[in-house]
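Coordinate analysis (summary)
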Amino acid sequence: MANSQLANAKAFGQCHRLQTSVTAIKEEIITRPKKRPRVDAFMFINFPLLHELTCTPEKAVEFCKSEGLLPQSVRCPNCSCSLDRILLGKEKSNSKLFFMCQKVQCRKSGKCEVNAKQGTWFEGSDISLQRSLILTYAFASKFDYNLAMLESSTINDQTSEETVHSFYKRCREVCTKALLNKEEGTKKIGGANYSVEIDETKFRITKRSNGGVIIEIGQLVLGGVCRETNEYFLVPVEDTDEAAFMSIIQERVEKESTIYTDCFQSYEKLNKVGYKHWIVDHRKNFVDPKSGASVNKIQSLFSAVRRSLPDRLCDDNFLLYLNEYIWRRRKDTSTLFWDLLKEIAFQYPGPGQKANIKIKTIECTSPSQIALL
């Protein structure tokens, strides 16, 4: 009897201790400070999530308003009251978007509507917001034309190759304007105790002659990259003239930098203009055994640019593709879509707003306009 009572007492004590420990654990969980969510978790986007956010015209409008692609509100042109509701047109594509004042006197005057697309990325476009956003995501994700056409098409409305081509070209123009708008001045690379590799290369592009025949030409590009910081510049040039090369290098590279080049004669006077110049003779070796001079890093950059270009590239589009590569290289690949939306919202602010572009044109003719870091 005594043994059974002792066993029961031990069991009760163990249960009490267990219950006490469980209660303490629960209190600790409740009072434990919650971990802050990762910021990049909110930046995650994939195609199914984008489709869920923009699956209806109304959701697409709200998404565009939240990202600054469409205005939150405008003023009535007649009574100046605030209008914050965007209405959809009756077209099947839902391409017409407008604000409308509900006051009777404004409707009678015929000045009650404001085009919600005016001054935005969607102005002049006859495709829906959903399709525009899908094509923007396709460009940011580097979808080829066939995949972009497939993902943006519906059963009753197929996306054409011309639509994808023109839309991608507009996105490349946004990338170009973003780079030009950001460059307030000509930033130089290198400096004392820094080494810069400089080389030139020719990219294969095509051009249509006056007779309509497509001929293959080459676009010469002068490039430089800092070994220590990985900062670089790429400048399209017309020819290998020594004066042009020296002008670009002095504009893009800090004095007292150590410059590595090959034996090309256009680099011979670098020692006379404030640089420490070392050469590598590719007829003997790719890395000079005494000075360590090489141009392997800049040639690797040229190879990466060449891989990003299409097989047949027209000369009119070369700068757009080159600037797209530079823009992508500056950004985090996981947030390219959001970065592109921010640039679009910045460059196309909406009705009654001036575009936030300091460069009036993207037709770059001088080296200082094209030499982008």
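Now for a look at the structure at hand. (Residues numbered from 1 in each chain as written. Predicted model: local features only at pLDDT ≥ 70, side-chain atom pairs only at ≥ 80, totals over all residues. Heavy atoms only, no water.)

Thoughts on the sheet that holds strand β5 (residues 113-115)
Overall, antiparallel pairing links the three strands, which are arranged β3-β4-β5 in an open sheet. Only two strands of the sheet have a single partner each, and these edge strands are β3 (86-88) and β5. Taking the axes of each pair of neighbouring strands and ignoring which way they run, one obtains an average angle of 40° across the sheet. Bridge analysis of strand β4 (residues 97-100) against β5 gives three bridges, and the strand direction is antiparallel. Residue pairing in the sheet places Phe 99 in a bridge with Val 114 of β5. Lying on the sheet, helix α3 (residues 57-66) is in contact with β3 and β4; it crosses β3 at an angle near 150°. (Pairing = 2+ DSSP bridges. Helix = DSSP H or I, 4+ residues; strand = E, 2+ residues; numbered from the N terminus. Axes fitted to C-alpha atoms, helices over the stretch in contact; angles between N-to-C directions. Contact = heavy atoms within 4.5 Å.)

Things to note about the pattern of salt bridges
Enumeration over the complete set of coordinates arrives at seven salt bridges. Between Glu 324 and Arg 172 there is a salt bridge whose closest N-O contact spans 2.8 Å. A residue pair is termed long-range when its members are at least 10 positions apart, and Glu 324 in helix α10 (residues 318-330) and Arg 172 in helix α7 (residues 161-182) qualify at 152 residues. Accessibility assignment for this pair places Glu 324 and Arg 172 in one class, buried. Its salt-bridge partner being Glu 324, residue Arg 328 comes within 2.9 Å of it at the nearest N-O pair. Of this pair, Arg 328 and Glu 324 are both found in helix α10, four residues apart, which corresponds to roughly one turn of the helix. Residue Arg 328 shares its accessibility class with Glu 324, and that shared class is buried. Connected via shared salt-bridge partners are Arg 172, Glu 324 and Arg 328. (Salt bridge = Lys/Arg side-chain N within 4 Å of Asp/Glu carboxyl O. Buried < 20%, exposed > 50% of the residue type's maximum accessible area, 1.4 Å probe, protein only.)

Let's talk about the side chain of Arg 172
For Arg 172, a relative accessible area of 7% translates into the label buried. Here the side chain of Arg 172 touches Tyr 321 through a polar contact of 3.4 Å, side chain to side chain. Discounting chain neighbours no more than four positions away, the residues touching Arg 172 are Phe 139, Leu 320, Tyr 321 and Glu 324. (Polar contact = N/O pair within 3.5 Å; in protein donor to acceptor, adjacent residues only side chain to side chain.)

As for helix α8 (residues 242-252)
Residues of α8 that are buried include every one of Phe 245, Met 246, Ile 248, Ile 249 and Arg 252, and no others. Along the long axis of α8, the arc covered by the buried residues comes to 165°, so they all point the same way. Capping of α8 at its N-terminal end is provided by Asp 241; its side-chain oxygen lies 3.2 Å from the backbone amide nitrogen of Ala 243. (Arc of directions from axis to C-beta.)

As for helix α9 (residues 296-308)
Taking 1.5 Å of rise per residue, the 13 residues of α9 would be expected to cover 18 Å, and the 19 Å separating its terminal C-alpha atoms lies within 8% of that figure. Ile 298, Leu 301, Phe 302, Ala 304 and Val 305 are the residues of α9 that are buried. Mapping the buried residues of α9 onto a view down its axis gives an arc of 160°, with all of them on the same face. (Expected span 1.5 Å × (residues − 1).)

Quick notes on empty space enclosed by the protein
Under the counting rule described, the total for this entry stands at one cavity of 30 Å³ or more. Approximately 30 Å³ is the volume found for the largest cavity. Taken together, His 165, Lys 169, Arg 172, Asn 317 and Tyr 321 form the lining of the largest cavity. In terms of residue count, the dominant contributor to the lining of the largest cavity is α7 (three residues). (1 Å grid on protein atoms, 1.4 Å probe; cavity = no way out; pocket = protein on both sides within 12 Å on 5 of 7 lines; lining within 4 Å. Points joined across faces, edges and corners; volume = space filled by probe spheres on them.)

Overview of the pairing of strand β9 (residues 258-261)
Where burial is concerned, the two faces of β9 agree: the one with Thr 258 and Tyr 260 and the one with Ile 259 and Thr 261 are both buried. Bridge count for β9 against strand β10 (residues 276-279) is four bridges, and the pairing is parallel. Paired with Thr 258 across the two strands is Lys 276, which belongs to β10.

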